[in-house]
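# Observations on the model geometry
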Amino acid sequence: MASLDIRLKKINKIFNEGDVVKGVIVVQSKGELNHNGIMLFMDGSVNLQLSAKSVGVLEAFYNSLKPIQLVNYSVEIAKPGKLPNGKTEIPFEIPLKPKGNRSLYETYHGVFVNVQYYLRSEMKRSLLSKDLQTQAEFIVESKETSKVNMEPVQFAITPDSLDKIEDRPKVPKFLVKGQLDTVNCNIVKPFTGELTVVESDTPIKSIELQLVRVETCGCAEGFSKDATEIQNIQIAEGDVCRKLAIPIYMTFPRLFTCPTLATPNFKVEFEVNIVIVLQDNHLITENFPIKIIRF
C-alpha cells in the first residue's frame, strides 16, 4: 500500500503572479517502494460552458469554449528508483508564471466561468502496480490596483422608478430612499450603505440584499449571457419602522467573487439587487451594477 499527497507551505494557499509556490510531496508506503519517476505539474485554466438555454442556438462558437490555458508547467521531482519504508517528504519549488503572453486571472468559481489553478503529482510504477496520482488546488489573487473613485451613490425607489411594470395603477404607493457608500467595491471590504422606508401603503414582509454574478461567454459569432444569484441576505424583517435608517452590510464571499473581468472570450460582472418583499408577496426590486476591484 502506498499514497501520494501534496502539501503547500503557505497555509492559506494564496499566491500572486511571480511568487514561488513551495511545498512537499509526501509519499507514505509500507515497505520499500519501487517507482519509475515522480512528476509535478502546475496547471491553470479558464473553463467556459454554455447555459442550457444557449445550447443549439450558438453552435457556431462551441470552439471558442475550449479551456483557456493560463499556466502549464512540469518538473521531475524524483528519478526512477526506490523509496524507503514509511513517510518520505520531497520538497519542491515552482515559479507561478503565465504561459506565453497570457495574464493570470484571479481564482473564481462560477457557474459558466471557472478560473482554477492546480498542482498535480504523478508517480509512475511498474505494469503490475497502479500509478499514483494526487492534486491540490491553490488560490491566485491579482495584485492590488491603485485606488479608485469611492463616491457614494444616492437612490430613491418609487413606483415610477421601477422598470417593466405592466399594471402601474395597481402598484401600491411607496418611497424608499438611501445610499450605497460606493459602487466601486474593494473585494476585501464589505459592501455598505443604508436605506430608509419613508412610506409604503402595503405592509412590508422583508427587505433583502441580493448579490448576482453576470457571466458572459462568447466571441464574434455570438455570446451567451447569464445572471445567477451568489447570495441573498435579509437586512430587515417585518413591517419596518418608517423613516428609520436600516444599515446595508454584505461581505463578498471568497472564490465566488473576483475582481470584475472583461476579456475577448468571457466577462465576469456583478450586480446588487435591493429586494423589498411586500405582505402580499409582491416584489419591488432595484438593480445596481457594481465593479469589484482589489485595492
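Basis of the calculations
Residues numbered from 1 in each chain as written. Predicted model: local features only at pLDDT ≥ 70, side-chain atom pairs only at ≥ 80, totals over all residues. Heavy atoms only, no water. Helix = DSSP H or I, 4+ residues; strand = E, 2+ residues; numbered from the N terminus. Buried < 20%, exposed > 50% of the residue type's maximum accessible area, 1.4 Å probe, protein only. Lys, Arg positive; Asp, Glu negative; His and termini not counted. Charge placed at Lys NZ, Arg CZ, Asp CG, Glu CD. Domains from an automatic or database assignment. Buried area = accessible area lost by both parts, 1.4 Å probe. Salt bridge = Lys/Arg side-chain N within 4 Å of Asp/Glu carboxyl O. Polar contact = N/O pair within 3.5 Å; in protein donor to acceptor, adjacent residues only side chain to side chain. Nonpolar A, V, L, I, M, F, W, Y, C, P; charged D, E, K, R; others polar. 1 Å grid on protein atoms, 1.4 Å probe; cavity = no way out; pocket = protein on both sides within 12 Å on 5 of 7 lines; lining within 4 Å. Points joined across faces, edges and corners; volume = space filled by probe spheres on them. Pairing = 2+ DSSP bridges. Axes fitted to C-alpha atoms, helices over the stretch in contact; angles between N-to-C directions. Contact = heavy atoms within 4.5 Å. Core = buried A, V, L, I, M, F, W, Y, C linked by side-chain atoms within 4.5 Å.

This next bit is on the overall build of the chain. Counting secondary structure elements, the chain contains zero helices and 21 strands. C-alpha extents for the chain along the principal axes are approximately 80 × 45 × 40 Å. Relative to its 295 residues, the chain shows a buried fraction of 46%. Charged side chains of the chain number 35 positive and 35 negative; the gap between the two group centres comes to 8 Å.

Let us now look at the domain arrangement of the chain. Domain parsing of the chain yields domain 1 (2-141) and domain 2 (153-293). Placing the centre of domain 1 and that of domain 2 at their C-alpha centroids yields a distance of 37 Å. Together domain 1 and domain 2 conceal approximately 1900 Å² of surface at their shared face, both sides included; 68% is due to carbon and sulfur atoms. Counting across the interface, domain 1 meets domain 2 through zero salt bridges. For the pair domain 1 and domain 2, the interface holds six residue pairs in polar contact (both at pLDDT 80 or more). Of all the secondary-structure elements, those providing two or more residues to the side of domain 1 that touches domain 2 are strand S5 (38-48) and strand S9 (108-109). Class assignment for the residues of the side of domain 1 that touches domain 2 results in 15 nonpolar, eight polar and two charged.

So, about the layout of surface pockets. A volume near 190 Å³ is recorded for the second largest pocket. Residues that form the lining of the second largest pocket fall into these classes: six nonpolar, three polar and four charged. Mapped onto the domain boundaries, the lining of the second largest pocket takes at least three residues apiece from domain 1 (2-141) and domain 2 (153-293).

This brings us to the sheet that holds strand S18 (residues 245-250). The four strands lie next to each other as S12-S13-S15-S18, forming an open sheet whose pairing is antiparallel. The open sheet has two edge strands, strand S12 (153-157) and S18, and neither has a second partner. Direction aside, neighbouring strands of the sheet carry axes that sit 20 degrees apart on average. Summarising the sheet, strand S15 (residues 191-200) and S18 pair through six bridges and their orientation is antiparallel.

Locating Pro 98 in the fold gives a position in the loop between strand S8 (86-95) and S9. For the pair Pro 98 and Glu 137, spaced 39 residues apart in the sequence, the C-alpha separation amounts to 16 Å. Non-local contacts of Pro 98, meaning those with residues more than four positions away in its chain, are made with Glu 17, Leu 70, Val 71 and Leu 104.

Another point: the environment of Asn 186. Along the polypeptide, Asn 186 turns up in strand S14 (residues 184-186). Taking C-alpha positions, Asn 186 is 9.3 Å from Lys 147, a pair spaced 39 residues apart along the chain. Discounting residues that sit within four places of it in the chain, Asn 186 has contacts with Phe 252, Ile 293, Arg 294 and Phe 295. Among the polar contacts listed, one links the side chain of Asn 186 to the backbone oxygen of Phe 295, at a separation of 2.6 Å.

Ranked by internal contacts, the top residues of the largest apolar core, which has 75 residues, are Leu 119, Phe 191 and Ile 207. If one sorts the elements of this core by residue count, strand S20 (residues 266-278) sits on top with seven residues. Of the domains in this structure, domain 1 (2-141) and domain 2 (153-293) are the two that each give at least three residues to this core.

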